[in-house]
Amino acid sequence: MVFGVYRNNHPATAVDHCCHCYFINSNEPNLIIAGGSYLRIFRYVPMQEDDQIKHRLEQVLSYNLFGVINSMVVAKYPGNKRHSLLLAVGEAQLSVVDYDPAMHTLKTKMLYNYEQDDQRTMFLQQTFLPQVRVDPENRAAAMLIYGSRLVVVPLLKSSKSSTEPCHQSYVVDLKSLDERVNNVKDFQFLHGYCEPTIVLLYEPLRTWPGRVAVRKDTCSIVAIALNIRDKVHPSIWSQNNLPFDSLYVLPVPKPTAGVLVFAVNSLLYLNQAIPPFGMLLNSLAEYTTDFPVQKSTGIMLTLDDSQAVMMEDERVFVSLKSGDIYLITLISDGMRSIKRFNWYKAASSVLTSCICMATGNYIFLGSRFGNSILLHYQEKSSVTADILEPIEQTTKRQKVTGEEDLDLEIFGNRKSKPDIRLSVYEFEVCDSLINFSPITQMTVGEAPYLSEEYKSDNHLDLEIVACSGYGKNGALSIFQNSIRPLVNSTFDLPTVYNMWTIYSNNNPFHSFLILAKSDSTLILHTGEDIAEVEESDFITDETTVHVSNIQGFILQVCARSLLLLKDVTLVDKAELPETVQGVSVSDPYGAVLFKSGLVYFLTVENNKINLTDTSASGVVCLTTYMDNSGIFTTEPRANFSDSATTGNTESEMTGNGKTEEDIDEDMLLYGDTNEIFEHFKKQAANEKLKEPGPPMITQLHRPTHWCILSREDGAMEIRSLPSWELLYFCRNFALSPKVLMNADDHSTIGNEGIPHVKEICVTGLGWRGQRPHLVTLIDDDLHIYTAFPYNSEGKSDLKVRFSKIQHEVLIKKRKSRSNKLIDIDAHPFYTPKIQCFSNISGYSGIFLVDDNPQWLFLTTHGALRAHPMYIDGKVTCFAPFHNDNCHYGFLYFSNGDELRICNLPSTLTYDNHWPAKKVNLRATPHFVAYHHDTKTYAVCTSSSSLNPMMPKMQNNLDKEEVPIEEDDVFPYPSLDWYSITLYTRDGWEVIPNSRIDLPKYEKVTCMKYMQLSGEQMGEQMKGYIVAGTMCTMGEEVSARGKIVIFDVMEVVPDPEKPLSGFKFKCLYDKEQKGPVTDVDCIMGHIVSAIGQKLYVWSFVNNELVGVAFIDTLIYIHSISVIKNFILYADITKSISLLTFDKECKTLSVVSRDFEPMEVYRCEFVVGGQSLCFMVSDSNCNLVIYSYQPDAVESSGGQKLIRKSDICIGGHVNTFFRTGIRIQDGSILGTTPASALLHPSEKRHVTWCATLDGAISSFLPLSEKRYRRLFMLHNKLVTAVPHIAGLNPKKFRTAKMPGRWLMNPHRNILDYQLLTNFLTLSHTERRELAKQIGTTPAQILDYQLLTNFLTLSHTERRELAKQIGTTPAQILDDLMNIQKAMLIF
C-alpha cells in the first residue's frame, strides 16, 4: 500500500475574485479577495508618505477553505447593516457566511446544495462553473448552475415581520421559460425595475471563428423578471442576432439603465424599448457580425480577456488583456438613449482578472499574472463636448419654426445639445499584493549569499526558482522556506544563558551588551568595537535576571537586588525580600514577580526605585504592555454597533421639506428631460456620499499601560497601571480556548490537570504597534492570540477579546535516547523564549528562542508570518542590536558558545508565507535550469509582437511569408519570439553576450540541465543545458522540432565587464523528424519525446547518435527518469513505465495504466524501499500508481495499480523531488550520515506547484503512522467546525471525469485538516488522542496537525480521547513531518 500526507506549504497567491463591502464593521469598508481556495479579508489603513496620505491594505482575516471558490459576491440581508458573503463552491454549492463579532471569525449563515443528478441533466462532468449575482437593491441573489438552471435565493423577508424567514430558494429551468436558452455565457441583475430582473447572455447554437462565413450572430439576450412570491418569471424584453463573440454583460445604473454587451470586436448598448447602439472596435468586426453598429475612428482594440466595472457619471473602467486601462464615457441624448462611446486611454497596469470599485476614488485590480494593486484616481482635467447626435444622423430634416413652438408647448423647453463633460483622470498605485502565479515550471538551486559560518558538509541550502507571470508581468520567483541571516562577525564566548542590549545617554545606538552566565555577568560596551567594560557599578559577580531601560536609566535586576544606573554610574539600589522569578518593564512602569508568586509594582520617581506590594499571589508569569492602538479601553465604542438608524436626516431632505424620493409627477410626465436626467445623477451622488469611506487619518490614542498576569489556577488577569485595578478576568486561560473572554464570575477551574503556563507576552505589532498580540507558552505549545474590540456588558470592563490565530509553529524539547528530556534550562533562572523586537530591518515581531528557532513577523499588510531559522541549529538567547556597524540587526547565541552579529537579508520580502523575491523579466518565462558546475541559471523567455505576415507552403514545398494586407485598425495576430539567456545566481544579472534568440516561429517546449557522458570523456560526466523546440507555421506546414545543446564555459572575464566570465555556446542544433515535446537524461544519455516516439541518444563529438527508440500511444508530453526507469505521460492515455538496458541498448515496456486520463505532468515517488508514480490530471487530482506484478488485478504486471489519490483544487504543471531532512540537519543523500539510515527512512519529498501560485508537497508515511493519523483525520472531519460549512472529505476526494466504475482510493492525509488538531484546547486534544490510541505528543511529532494546534486545551484532550491517544503523541508526529519538509 502507498500512504502519505499532502501539505499545502504555500497557499495560492492569484486573485480571481474581489469585492468591496462593509463586512466586519458597518462603518469601515473592507476588501475581500479570493484565489483558488484561499480567502482574505482586508481593511483600508491610511499611511502618510511624503506629506501625502495613501491608503494601504491590511489583512484582518484569512482562511484556507476546503473548496475552490468559483464565484463570490456580497449581499445585505434585511435588518443587517453589515454585508454577508456569498461563495459558490464546487458544481452547485452556495455558502452564505457572516462575520461573528463575538468570536472574530466567520460563521456560516446558510448552505445551499444543488449537486443532484436531476439538476445535472446531460452534464456528467463540470463544464460550466457556477456564477453568483446579487440584485442591486438586495432583494434576491441568483446562482447559475449547469449552464441552463438558475437558483433563486430570496433575501427579503416573506412579510414585514422580522421574525419570519426569507422565502425558500428554488431552481428555475431556463429552458422552460424559453427553449432557446442554453449555454448561458453570463447574466446580471438590472437596475431600475420594480422586481428583481436578470438579463441572460446565451448562445443557443454555437459557432466558432472558422465558421463565421456560414453562421454568425448566434448570441441572444433576454431580460426576465423574478416574481419570487408567485414564482412566475415573465420575459420582459429580448434581443437576438448579437455577435457570436459576445463575452459578458455589464448593467448600467439609473438613470440610463440598460446593459452593455462586451464582445471581442465590438461594444453594444441594449435597453428596453430603446434602439440599440453599438460600436466597432476594429475592422475585423465588419466580417464577423451583421448587427447594426457604428464604425469607430482611430480605435483598434479587442476586448477578449477584458474586465470592466461601472464608475460614477456614466463612465466605465475597462482593463484589457494587454494591461491597458481605458475609460469609456457613455454619451446620451438626454432621453436614456446612448448615442456615442468616448474611449480614453488612462494608464497601463497589470493583466487583470477581476476589478472592484471602492469608496474614496479607489479601484482594486486583482490579477492572476502579476501583483494585484490598489489604485487611487482623481480628476486631472475635463473638457466640455457638445455631443448629442451621432455623425451619421447630422443630415436629419430640421424642424420649422411652427413645429418647434408646438413641441415647446407640449414637452416644455428641451436643450438641443446638452454639455457633456469628458474627464481626464490620473492614477496612482497605493499598494500591491505580491503574486507568484501562474507557476509553470520550477527548479532547485543552491542559495547565494550564504555566510561562511553556515557552510558545512552537513548542509545543502537550497532555494526554489519558479517561472511565474505572463507578458510584461513575467518574472522569476525565488522561494526559501527558512531565514538565512547575513553574519557580520562571530565571537566565541563561554556558555551564556541570556543577553540584553541597552541604550544609554540618549544615544540612538545600543551602548551596552549585557551577558548573563550561570554565576556572573559580563558587561560589554558596543561602539566601534565590542569590548568589556573594565569599571562600572553593574553587578558582575552574580547572574542577572533582567536588564532594561526605564525613564532614561538602566535597570539591572539580580536575584535579591535592583540597581538603577545612569550609564555605568549607580543611582539607586533596592534590596528585595525574596528571590526574583521574573521582571517585565514597560516604560515608565514595571512589575517584579517572585518565586513565591508575589508581585511588586515598580516605578522610578526622583531617581529612586519604588516597590509597592500589590497583594497579588499565586502568579506564575506576567508581562507589562503599553497600548497605542486604543483597543485596550473601558469606553464603549460608538462606531462598533451595527444597529440600524431610522428617519430622514437633514441632508436627506430637500429645501421644501420633501425627500429626494418625492419627485414631482408633472416633471416626470411633461417637464425638462435634462432636469430629470440631472436629478437621477444628483440622487446617485447623494447615495454615494452617504456611504462611509475609508478613514482619512488613523486616530492616535493616548498610551495606556497594563499588566497581564497568569495564575497557577489557570486564570488570566489584566490590570491597569498604575492603579492596579482588575478590569479583565479569564478563568480558563491555561486551557488555551479559541477565544479569551472576560468572565463575570471570578471563580477558577481548579489546579488539577491544568497545564503549566510558562511564559506570557503582550506586544503591539504591525504599523505603529496598532495590532496587539498575546503570545503564551503553555507546556510545550505556543499559542498566539490577536486582540479585537468587543463591547461587553460590564461598564468598567475592558472592551476587548482575544482570538486564537492558527499557525504551524511547534516548540518541543528534544529527547535523548533514554527518552528523557534534555535539560536545556540549566540556568538557575528561567530564560524567556519569547523575545519581542520593534525594528529589525524594518520589521517588528517576535523571535522564539528554541531548538527550532522561529521568526514571527507582522508586516504592514497585517498578516502574521512565521519563518523558521534552522540553518544554525539551536539558539539559546537572542537580542535586537542597532549599531553603527550593524544597522537594525540582531544578536544570537548558537548552542550557547558562539555569538553572531547578523542582519536579515534585504533582498527578500518576509511579507509572504515563505521568504521570497521576484526578478522582473518583462517577458513570459517558460523554463529555468540551474547549471550546477558554474552556479548560473539558463532562463527561456518569450515576448509577443504583432505579425502582419502569414506563412504558406509553395508548390515546390518551400516556405514563404505572405503579407496580410489590411487597414490600420485591423488586429493582426501576435507572434511569440523565444530566447534563452544566462543569469548569475547572486544578483540575477544578465551575463553579457549570453542571449541566444531562436528563429521566427520556433518555440521552446522543454529545457533541462543534464549530466551527459561521451566516448571522448569516458565515464566522466559533464553538465549541459538541453532544450527541445518545435516550429509551427499553420495547418499547411508540417511541424518540426530541434534538439539544442548548450555548454556554459568559464572564460577570462573582461576587466570592464566582471560578469563576462562565462560563455554560453551552442554545441548542437539540428532538426528532428517531429516536434520535440520533452527531454530528460538517463544514464548519461538523452531521452527525447518526438510525437508518439521515444528516442535515446548518445552525445558523441558534438553529435547525437541514436541508441534506442520505441513507439508509444498518441502523444508524449512529459518524461521523468530515475536510474534506468523512464516514466512518460501521454496526453490522453495516462502513464507508462519503461526500462532502458544500456548494454543491450533497448527500451522495454514494463507496465502502463489502461484507463484514459488527461495528464498534466508525472513524477516518481520514493518512499524507502518502494517506488511509485505520481500524476497530475486535468481534474486537479494527484494520483499515485504502483507497480505490483504479484497482484491479481495487475494482470501479471502489465497494468499499473492505482493506490492513492487526492484532489488539491489546482492544476499542477511542474514537479521535483528532494531528500528529507534527517536528525543531524542534513539532506538525505548529501552526507555520509544519511547513508546509515534504515531503508524505510530513505524517503523523498515530492514537490509540486499549481497555476494559481500554490506550492505543495507529498511525503510518504509508514503504515503505522498513517493508520494512527488516519483515525485522527476522520475524527477532525466532524470534531472541528469548518468555514462556510465545507466538507473536507468531499473536497479532497478525487474528481472523476463522468461516471467511472471506480471508487476513490484516498490513502493520502490532508495536512490542512490534521493541523486543526492544533486549534483544540488542552482537554480536547487529550480526549481525541485517547480515542485513536496514541498521545498528542506523538501526533505533533509528525508535524501534520496545524488545525490541532489552534484548538483549545479542552478540545485537544477530548479529540485525542476519541481516537485512543494523547495530545502529546499527536504533536510529536507533527513535528517529525514538519522537520522532514524543511529543505529550502
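If you're wondering where the values come from, they're calculated on a predicted model, not measured in any experiment. (Residues numbered from 1 in each chain as written. Predicted model: local features only at pLDDT ≥ 70, side-chain atom pairs only at ≥ 80, totals over all residues. Heavy atoms only, no water.)

## A short note on the overall build of the chain
Argument step 1. Helix and strand content of the chain: 15 helices and 88 strands.
Argument step 2. Of all 1384 residues assigned to the chain, the portion counted as buried reaches 58%.
Argument step 3. Considering only residue pairs separated by 6 or more positions, the chain has 61% of its internal contacts joining residues 24 or more positions apart.
Argument step 4. Surface accessibility of the chain: about 57000 Å² in total, with carbon and sulfur atoms responsible for 49%. (Helix = DSSP H or I, 4+ residues; strand = E, 2+ residues; numbered from the N terminus. Buried < 20%, exposed > 50% of the residue type's maximum accessible area, 1.4 Å probe, protein only. Contact = heavy atoms within 4.5 Å. Areas by Shrake-Rupley, 256 points an atom, 1.4 Å probe, with all protein chains shown as cover.)

## Looking at the sheet that holds strand β7 (residues 84–89)
Argument step 1. What the four strands build is an open sheet, ordered β6-β7-β8-β9; its pairing is antiparallel. Either end of the sheet is taken by a strand with one partner, and the two such strands are β6 (69–75) and β9 (105–113). Each neighbouring strand pair of the sheet contributes to a mean axis angle of 25 degrees, computed without reference to strand direction. (Pairing = 2+ DSSP bridges. Axes fitted to C-alpha atoms, helices over the stretch in contact; angles between N-to-C directions.)

## Section: the nonpolar core
Argument step 1. Within the largest apolar cluster, 64 residues are counted, with the highest numbers of intra-cluster contacts made by F23, I32, L39, M72, L85 and L1272.
Argument step 2. In terms of residues, this core owes the most to one element, helix α8 (residues 1263–1279), which gives five residues.
Argument step 3. By size, the runner-up hydrophobic cluster in this structure holds 26 residues, among which are W706, L735, V800 and F802. (Core = buried A, V, L, I, M, F, W, Y, C linked by side-chain atoms within 4.5 Å.)

## Quick look at the pairing of strand β86 (residues 1244–1250)
Argument step 1. The element β86 is largely enclosed, with a buried count of six among its seven residues.
Argument step 2. Alignment of strand β85 (residues 1212–1219) against β86, held across seven bridges, turns out to be antiparallel. Considered in β86, the bridge of T1214 is made with A1249.
Argument step 3. Pairing geometry for β86 and strand β87 (residues 1255–1260), over four bridges, is antiparallel. Looking at β87, one finds that C1248 is bridged to S1256.
Argument step 4. Counting the residues in the hairpin turn of β86 and β87 gives four residues, including G1253, whose phi is positive at 90 degrees.

## Let's talk about the sheet that holds strand β31 (residues 462–468)
Argument step 1. Pairing in this open sheet of four strands is antiparallel, and the strands run β30-β31-β32-β62 from one edge to the other. Single-partner strands in this sheet number two, and they are β30 (441–446) and β62 (916–920). Ignoring which end each strand starts from, the neighbouring axes of this sheet average 25 degrees apart.
Argument step 2. The sheet contact formed by strand β32 (residues 475–479) and β62 spans five bridges and is antiparallel.

## Comments concerning the pattern of salt bridges
Argument step 1. Evaluated as defined, the whole model comprises 40 salt bridges.
Argument step 2. Here E808 and R7 are joined by a salt bridge, their closest N and O atoms 2.3 Å apart. Of this pair, E808 sits in the loop between β54 (800–804) and β55 (834–840) while R7 sits in strand β1 (residues 4–10), and the two are 801 residues apart along the sequence.
Argument step 3. Residue D16 is joined to R368 by a salt bridge in which the shortest nitrogen-to-oxygen separation is 2.8 Å. With D16 in the loop between β1 and β2 (17–25) and R368 in the loop between β27 (362–366) and β28 (372–386), the pair connects residues that are 352 residues apart, well separated along the chain.
Argument step 4. With a relative accessible area of 24%, R368 lands in the partly exposed category.
Argument step 5. Here the residues in one salt-bridge network are E28, R43, E58 and R771, joined through shared partners. (Salt bridge = Lys/Arg side-chain N within 4 Å of Asp/Glu carboxyl O.)

## Here's the deal with the packing of aromatic side chains
Argument step 1. Summed over all chains, the structure comprises 42 aromatic pairs.
Argument step 2. For the ring pair Y1266 and F1270, a centre distance of 5.6 Å and an interplane angle of 20 degrees mean the geometry is stacked. Of this pair, Y1266 and F1270 both sit in helix α8, four residues apart, roughly one helical turn.
Argument step 3. Of the aromatic side chains, those joined through ring pairs into one cluster are F837, Y843, F847, W855, F857, F878, F890, Y892 and Y910.
Argument step 4. Looking at R7, its charged tip hangs above the ring of Y1311, at a distance of 4.5 Å from the centre. (Phe/Tyr/Trp six-rings, centres within 6.5 Å; stacked < 30°, edge-to-face > 60°. Lys NZ or Arg CZ within 6 Å of the ring centre and 35° of its normal.)

## As for the environment of P130
Argument step 1. Locating P130 in the fold gives a position in the loop between α1 (117–120) and β10 (131–134).
Argument step 2. A residue is classified by how much of its surface remains accessible, and P130, at 1% relative accessible area, is buried.
Argument step 3. Distance from P130 to M72, taken between C-alpha atoms, is 10.0 Å for residues 58 residues apart in sequence.
Argument step 4. Those residues in contact with P130, other than ones at most four positions away along the chain, are N70, S71, A88, G90, E91, M143, L144 and I145.

## A few points about the side chain of S586
Argument step 1. Summarising the element assignment, S586 is placed in strand β42 (residues 580–586).
Argument step 2. Residue class for S586 comes out buried when judged on its relative accessible area of 10%.
Argument step 3. Of note is the side chain of S586, whose polar atom sits 3.3 Å from the backbone nitrogen of M626.
Argument step 4. Those residues in contact with S586 that sit more than four places away from it in its chain are T624, Y625, M626 and H705. (Polar contact = N/O pair within 3.5 Å; in protein donor to acceptor, adjacent residues only side chain to side chain.)

## Things to note about the pairing of β31
Within a regular strand, the side chains alternate between the two sheet faces.
Argument step 1. A large share of β31 lies buried, amounting to seven of its seven residues.
Argument step 2. Residues L462, I464, A466 and S468 point to one face of β31 and E463, V465 and C467 to the other, with burial holding for every one of them.
Argument step 3. Of the pairings in the sheet, the one linking β31 to β32 comprises five bridges and is antiparallel in character. Note that in β32 the partner of A466 across the bridge is S477.
Argument step 4. Connecting the antiparallel pair β31 and β32 is a turn made up of six residues, with G469 showing a positive phi of about 85 degrees.

## Observations regarding the side chain of T623
Argument step 1. Within the secondary structure layout, T623 lies in strand β46 (residues 619–627).
Argument step 2. With relative accessibility at 5%, the residue T623 sits in the buried group.
Argument step 3. Ignoring sequence-local partners within four residues, the contact set of T623 consists of S584, W706, C707, I708, I760, C761 and V762.

## Considering α8
Argument step 1. Over its 17 residues, α8 extends 24 Å from the first C-alpha to the last, a length consistent with the 24 Å expected when each residue adds 1.5 Å.
Argument step 2. Turning to α8, its buried residues are Y1266, R1268, L1269, L1272, H1273, L1276 and V1277. (Expected span 1.5 Å × (residues − 1).)

## Things to note about the confidence of the model for the chain
Argument step 1. Chain-level pLDDT for the chain is 84 on average; 84% of the residues reach the 70-or-more range.
Argument step 2. Contacts of residues 643–677 to residues separated by more than four positions or lying in other chains number 38 contacts, the stretch itself having pLDDT below 50.
Argument step 3. Low pLDDT (under 50) marks residues 1343–1350, which in the prediction has 97 contacts with non-local residues, meaning those over four places away or in another chain. (pLDDT = per-residue confidence, 0-100.)

## A short note on the environment of M1007
Argument step 1. Mapping M1007 onto the fold places it in strand β69 (residues 1002–1012).
Argument step 2. Residue classification places M1007 among the buried residues on the basis of a relative accessible area of 2%.
Argument step 3. With 37 residues separating them in the primary sequence, M1007 and V1044 have C-alpha atoms 9.2 Å apart.
Argument step 4. Beyond its immediate chain neighbours, meaning those up to four positions away, M1007 contacts F927, V928, A929, A938, V939, C940, I980, I1025, V1026 and A1027.

## Here we look at the environment of L524
Argument step 1. Looking at the element boundaries, L524 is found in strand β36 (residues 521–526).
Argument step 2. Classification of L524 by relative accessible area gives buried; the value is 8%.
Argument step 3. Separated by 13 residues in the primary sequence, L524 and S511 have C-alpha atoms spaced 8.5 Å apart.
Argument step 4. Leave out the neighbours within four places in its chain, and L524 touches S511, F512, L513, L515, I530, A531, E532 and V533.

## So, the state of the cysteines
Argument step 1. One pass over the full model with this rule turns up zero disulfides.
Argument step 2. Cysteine C902 shares no disulfide, and the gap to the nearest cysteine sulfur, in C886, comes to 7.6 Å.
Argument step 3. Classification of C902 as buried rests on a relative accessible area of 0%. (Disulfide = S-S within 2.5 Å.)

## Structural notes on a negative patch on the surface
Argument step 1. Together, E286, E965, E966, D967 and D968 make up a region of like negative charge exposed at the surface.
Argument step 2. Looking at the secondary structure, you find E286 in helix α3 (residues 285–288).
Argument step 3. In this structure E286 comes out as partly exposed when scored by relative accessible area, which is 38%. (Patch = residues over 30% accessible without salt bridge, like charges linked within 9 Å, V, L, I, M, F, W, Y side chains within 5 Å. Lys, Arg positive; Asp, Glu negative; His and termini not counted. Charge placed at Lys NZ, Arg CZ, Asp CG, Glu CD.)

## Let's talk about unusual backbone geometry
Where the residue is not glycine, phi is negative for most of them; where a peptide bond is considered, it is trans in most cases.
Argument step 1. Cis rather than trans, the peptide bond between K254 and P255 has omega equal to 10 degrees.
Argument step 2. With respect to the helices, strands and loops of the structure, P255 is situated in the loop between β18 (246–251) and β19 (259–263).
Argument step 3. Cis rather than trans, the peptide bond between D587 and P588 has omega equal to 15 degrees.
Argument step 4. Of note, P588 is situated in the loop between β42 and β43 (589–594).
Argument step 5. A positive phi angle, close to 60 degrees, is found at D305, a residue other than glycine.
Argument step 6. Summarising the element assignment, D305 is placed in the loop between α3 and β22 (307–310).
Argument step 7. Residue D305 is classed as exposed on the basis of its relative accessible area, which comes to 58%.

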